[in-house]
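Descriptive analysis of the structure
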Amino acid sequence: MPVPVLAARDVKKSYGRGAARFDALKGVSLDIEEGESISIVGKSGSGKSTLMHLLALLDKPSTGAVELSGRDAGALGGRILNRTRNQTFGFVFQQFFLTPNTSVLDNVTLPLRIAGVGGSERRRRGMEALERLELADKAKNKATDLSGGQKQRVVIARALVNEPRVIFADEPTGNLDTATGAVVEEILFDLNRRTGITLIVVTHDEDLAAKTDRSVFIRDGLVVDRNGASA
Amino acid sequence: MSGLDLIRSAISNTFRSKTRTTLTVLAIFIGAFTLALTSGVGTGINRYIDTTVSSIGANDVMTVTKTVEDTASGPAKYEPDTTNVESATGRPGSTVEAITAAELDDIRAVPGVESVDPVLTARPNYVEYDGGTQYQAAIGGFVSGMSLDLAAGSEPSSDSDTLEVALPVSYVEPLGFSSDSDAVGKTVTFGVTDQTGASSTIEATVTGVAEAGLLGSSSLTANDALTTALYDAQSVGLSSSSKDSYASVSLRFDPASSDEQVSAIKSDLKELGYDATTVEDQIGSFKTIIDAIVLVLNGFAVIALIAAGFGIVNTLLMSVQERTREIGLMKAMGMGAGRVFGLFSLEAVFIGFLGSAIGALGAILAGTALNGVLANGLLSALPGLTLIAFDPTSIAVIILVVMGIAFLAGTIPALRAARQDPIESLRYE
């Protein structure tokens, strides 16, 4: 059996202490295989975002462990952790988080700039990513001047530019109308199928979740089955 | 992110909010402009003093006077064997205890002293040229090693036995010379009245014409031979003891003497009851005053800069606030806290650089323009004075200091940015 690219081992996460203590995750275990598409489904406040943050190594679990390719990510130091995040993960956010008044190309190449890739190499790879998303002609435009669908495609280009192994998509279609949303979904699933990038979709939209290989339902910090019973 | 990219990003971020950056840069501009201008005034005046005071005297000469007794506890007792002479430096009419001829030998005996000459005060009644109008003349002595700011001719020779004098520029036309160079080589006549009331004249050759300086702008510079001749002429009728009483004497020492040797001579003289000051001491006190004034002015400029520093804090805090999500995103994408800190503090340093570079440039332009106006107006009586002078080192220091202040101001917002939690920053609600 192959080693899962990401795995949660009885992960618990709580915030605050004493009476104000809040348990966001109460013991979640999860294996994510290389190349699969998986959705983490739950209502707002269910703990799904916390789970994503832990899997994306943005946060550390209170107890339990997150494993990256079978190795405990908790043991990684700050510098290595930053590099791992930069090279392994791509992020697609509901609210795009594009830097205003900055060109589309500059937005797309941000992860490369953080990684310290040289200018010409950056431009080449940035244009390549934009071409894949049919946005090459918009490279010089200001990111804020684009339509919602175009913005989300820029975000996907940005997530792809560093050729990550895993893409986290947090409500990727939440801010888009149905038609544009469908296009963006198609792009994401196409990437997963054709290039084998692991796709982790975090959503409350069950229609979107149904399109992934597998769905994990989260409620009140625990993994449940589709109907809401404890799994 | 590589260092170069970090700098480039910081610079382009600076221009993202143009109005805010412009206002902050303006605040720094004012401080840096003032600082550059005030230190320029300091440089200009000190440079002028350096060139001008070399006309006060040579650098291997000390002026020796008798130590004035402390009169704070009452007047000094009269001692019959002392003579008082008119003070050269004190209040008009005030007297100092004279140094007598015998005492000169005591001073000569001090180790390190090469020669001792009384400072003779020559007071001719007038100077005239070719029977023309007679003008009052104040005579200053000339010792070799001293340098005059000459408009024409050469300095009077201190070794020569011929009577020589350098005229100030202001005497050239009144005396009847057509130009500065016309005066050189001509003979002028001094009128002297001695103690018995008899008048006599002494003729001297004009060797040069001196520019008006900060000091002695209207005095004629005579060589030793002329000074002695004038002194002898005016002293006819004086008793030899009062003729040989001097308010001060000038003492020469080896020009190669170290500072310790010079102060050893001074302390030896002090024990004998004499005060000695070198030219350096005199320049030193000038400079101390100028430096103190400039320091106070610089202080004001620094206060302005510190105020501008708070402007930087404010600007960057707003910037950090505005870019919360961008910072969160960059951190999520693996940008380390150190780099985030670097990004914002570099932005502060760049704002500081902009403000100070533009401020220094503005000060140089304004200073140059002001010099031009002043040289023809207020300061036209002091040719050679460039009131505001800029030296590259002090400009560089100013820019670096401002960048330093900006960096310090930037640390607060930069730390805030560096500590930001990416998850908090990226929350939607």
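Worth saying up front: this structure is predicted, and the values here are computed from it rather than measured. (Residues numbered from 1 in each chain as written. Chains lettered and ligands numbered in written order. Predicted model: local features only at pLDDT ≥ 70, side-chain atom pairs only at ≥ 80, totals over all residues. Heavy atoms only, no water.)

**Things to note about the overall build of chain A**
Under the convention used in this document: Only DSSP runs of H or I covering at least 4 residues are called helices, and only runs of E covering at least 2 are called strands; the numbering of each starts at the N terminus. For a compact globule the rule gives 2.2 Å times the number of residues to the power 0.38, and the radius of gyration it is set against comes from C-alpha atoms. Throughout, exposure labels follow a simple rule: accessible area from a 1.4 Å probe, protein chains only, divided by the maximum for the residue type, with under 20% read as buried, over 50% as exposed, and the rest as partly exposed. For this analysis, residues touch if any pair of their heavy atoms sits within 4.5 Å. With residues, only the protein chains shown are counted as cover, and all accessible areas are computed by Shrake-Rupley using a 1.4 Å probe. The charge count treats Lys and Arg as positive and Asp and Glu as negative. His and the chain ends do not count. Charged groups are reduced to one reference atom each: NZ for lysine, CZ for arginine, CG for aspartic acid, CD for glutamic acid.
The number of helices and strands found in chain A is 8 helices and 10 strands. Here the C-alpha atoms of chain A give a radius of gyration of 18 Å, agreeing with the 17 Å that 2.2 N^0.38 yields for 231 residues. Residues counted as buried form 54% of the 231 residues belonging to chain A. Counting only contacts in chain A whose residues sit at least 6 apart along the sequence, the fraction spanning at least 24 positions is 69%. In the structure as shown, chain A presents an accessible area of about 10500 Å², 47% of it carried by carbon and sulfur atoms. Positive and negative side-chain charges of chain A, numbering 32 and 29 respectively, have mean locations separated by a distance of 7 Å.

**Focus on the overall build of chain B**
A tally of regular secondary structure across chain B gives 13 helices and 15 strands. Here chain B holds 429 residues, and 43% of them are scored as buried. Put simply, 80% of the contacts in chain B that link residues at least 6 apart link residues at least 24 apart. Summed over its atoms, the accessible surface of chain B is roughly 20900 Å², and 59% of this surface lies on carbon and sulfur atoms.

**Re the packing of helix H9 (residues 279–322) of chain B against helix H11 (residues 337–376) of chain B**
For any two helices packed against each other, one specifies the crossing angle of their axes together with the interaxial distance. Residues and elements named next belong to chain B. To keep things clear, this is the line we draw: Between the N-to-C directions of two axes lies an angle of 0 to 180 degrees, each axis being a line fitted to C-alpha atoms and, for a helix, fitted only over the stretch in contact. When describing relative orientation, an angle under 35 degrees is termed roughly parallel and one over 145 degrees roughly antiparallel, while 65 to 115 degrees is termed roughly perpendicular and anything else oblique. Left-handed describes a crossing whose near helix is turned anticlockwise from the far helix through less than a right angle; right-handed describes the clockwise counterpart. In this count, Pro and Cys sit with the nonpolar residues alongside Ala, Val, Leu, Ile, Met, Phe, Trp and Tyr, while Asp, Glu, Lys and Arg are called charged and the others, Gly among them, polar.
Two elements in contact, H9 and H11, have axes separated by 11 Å at closest approach and are oriented at 140°. Classified by the angle between their axes, H9 and H11 sit oblique to one another. In terms of crossing hand, the pair formed by H9 and H11 is right-handed. For the pair H9 and H11, contact is made by Ile312, Leu316, Ser319 and Val320 and by Phe344, Glu347, Ala348 and Ile351, respectively. Its residues placed into classes, the contact of H9 with H11 shows 6 nonpolar, 1 polar and 1 charged.

**Section: the pattern of salt bridges**
All names here are of chain B. Here is the rule: Just to be clear on terms, a salt bridge is a Lys or Arg side-chain nitrogen sitting within 4 Å of an Asp or Glu carboxyl oxygen.
Counting across every chain of the model gives 22 salt bridges over all chains. Among the salt bridges present, the one from Arg8 reaches Asp5, with a minimum N-O distance of 3.8 Å. Of this pair, Arg8 and Asp5 are both found in helix H1 (residues 3–14), 3 residues apart, which corresponds to roughly one turn of the helix. The partner of Arg16 in a salt bridge is Glu326, with the nearest N and O atoms 2.9 Å apart. On the criterion of sequence distance, the pair formed by Arg16 in the loop between H1 and helix H2 (18–53) and Glu326 in helix H10 (residues 324–332) is long-range, its members being 310 residues apart. Residue Glu326 is classed as buried on the basis of its relative accessible area, which comes to 13%.

**Overview of the interface of chain A and chain B**
Formally: The quantity reported as buried area is the accessible area (1.4 Å probe) lost by two parts once they are put together, taken as the sum for both. Pairs of N or O atoms within 3.5 Å make up the polar contacts considered here, provided that, within protein, one atom can donate a hydrogen while the other can accept it, and that residues adjacent in sequence are counted only when both atoms are side-chain atoms.
The partner chain B presents 20 residues to the 24 residues of chain A that form the contact. Taken over both partners, the interface formed by chain A and chain B buries close to 2000 Å², and the fraction arising from carbon and sulfur atoms is 63%. Sorting the residues of chain A by area buried against chain B places Leu58, Phe97 and Ile114 of chain A first, and these three jointly supply 29% of that buried surface. Put simply, chain A and chain B have 1 salt bridge between them. Note that Arg122 of chain A is salt-bridged to Asp5 of chain B, the shortest N-O span being 2.6 Å. Inspection of the chain A/chain B interface yields 5 residue pairs in polar contact (both at pLDDT 80 or more). Counting only elements with at least two residues in the side of chain A that touches chain B, the list comes to helix H2 (78–88), strand E6 (89–93) and helix H4 (110–115) of chain A. The greatest single-element share of the side of chain A that touches chain B, amounting to 5 residues, is contributed by H4 of chain A. Its residues placed into classes, the side of chain A that touches chain B shows 10 nonpolar, 8 polar and 6 charged.

**Some points on the side chain of Ser46 of chain A**
Residue and element names in this part refer to chain A. Tracing the chain through its elements places Ser46 in the loop between strand E3 (37–41) and helix H1 (48–55). Since its relative accessible area comes to 4%, Ser46 is described here as buried. At a separation of 2.7 Å, a polar atom in the side chain of Ser46 contacts the main-chain carbonyl oxygen of Lys43. In this view, Ser46 contacts Ala24, Ile218, Arg219, Asp220 and Gly221; residues no more than four positions away in its chain are not counted.

**Notes on the environment of Phe353 of chain B**
Residues and elements named next belong to chain B. Position of Phe353 relative to the elements: it lies in helix H11. Note on Phe353: relative accessible area 35%, which makes it partly exposed. Apart from the residues within four sequence positions on either side, Phe353 is in contact with Ile399 and Met403.

**Considerations on the pairing of strand E15 (residues 274–278) of chain B**
Residues and elements named next belong to chain B. Note the threshold: Two strands qualify as a pair provided DSSP detects at least 2 bridges between them.
Of the two faces of E15, only one is covered, namely that formed by Tyr274, Ala276 and Thr278; the face formed by Asp275 and Thr277 stays uncovered. Here strand E1 (residues 61–66) pairs with E15 via 5 bridges, running antiparallel. Residue pairing across strands places Met62 opposite Thr278, the latter belonging to E15.

**Let's talk about unusual backbone geometry**
All names here are of chain A. Its identity is not glycine, yet Asp10 carries a phi of approximately 45°, on the positive side. Along the chain, Asp10 turns up in strand E1 (residues 6–15). Of note in the backbone geometry, Glu171 takes a positive phi value of approximately 45° without being a glycine. Among the structural elements, Glu171 can be located in the loop between strand E7 (166–170) and helix H7 (178–195).

**As for the nonpolar core**
Residues and elements named next belong to chain A. What counts here: Nine residue types can take part in a nonpolar core, namely buried Ala, Val, Leu, Ile, Met, Phe, Trp, Tyr and Cys, and a core is a set of them joined through side-chain atoms within 4.5 Å.
The biggest cluster of nonpolar side chains holds 51 residues, and the ones touching the most others in it are Leu6, Leu55 and Phe168. Leave out the neighbours within four places in its chain, and Leu55 touches Leu6, Ala8, Leu30, Ile32, Ile40, Val66, Phe89 and Phe168. Counting 34 residues, the second largest nonpolar core, distinct from the first, contains Val92, Phe96, Ala169 and Ile197.

**Observations regarding the sheet that holds strand E5 (residues 71–72) of chain A**
Residues and elements named next belong to chain A. Read across the open sheet, the 4 strands follow the order E2-E1-E4-E5; overall the sheet is antiparallel. A strand with exactly one partner marks an edge of an open sheet, and here the two such strands are strand E2 (22–32) and E5. Pairing of E1 with strand E4 (residues 63–68), which is carried by 5 bridges, proceeds in the antiparallel orientation. Counted as the bridge partner of Arg9 is Ala65 from E4. Against the sheet, H1 makes contact with E1, E2 and E4, and its axis sits at roughly 55° relative to E2, the strand it touches most.

**Structural notes on the packing of helix H6 (residues 148–160) of chain A against H7 of chain A**
Residue and element names in this part refer to chain A. Between H6 and H7, whose axes approach to 9 Å, the crossing angle comes to 15°. The angle between the axes of H6 and H7 places the two elements in the roughly parallel class. The crossing of H6 and H7 is right-handed. Residues Gly149, Gln152, Arg153, Ile156 and Leu160 of H6 lie in contact with H7, whose contacting residues are Thr180, Val184, Ile187, Leu188 and Leu191. Considering only residue class, the contact of H6 with H7 consists of 6 nonpolar, 3 polar and 1 charged.

**Focus on the confidence of the model for chain B**
Put simply, the test is: Values of pLDDT, ranging from 0 to 100, describe the predictor's confidence in every residue of the model.
Here chain B averages 82 in pLDDT, while 87% of its residues score no lower than 70. By mean pLDDT, the top-scoring element of chain B is helix H12 (residues 392–418) of chain B (93), and the lowest-scoring one is strand E2 (residues 84–86) of chain B (62).

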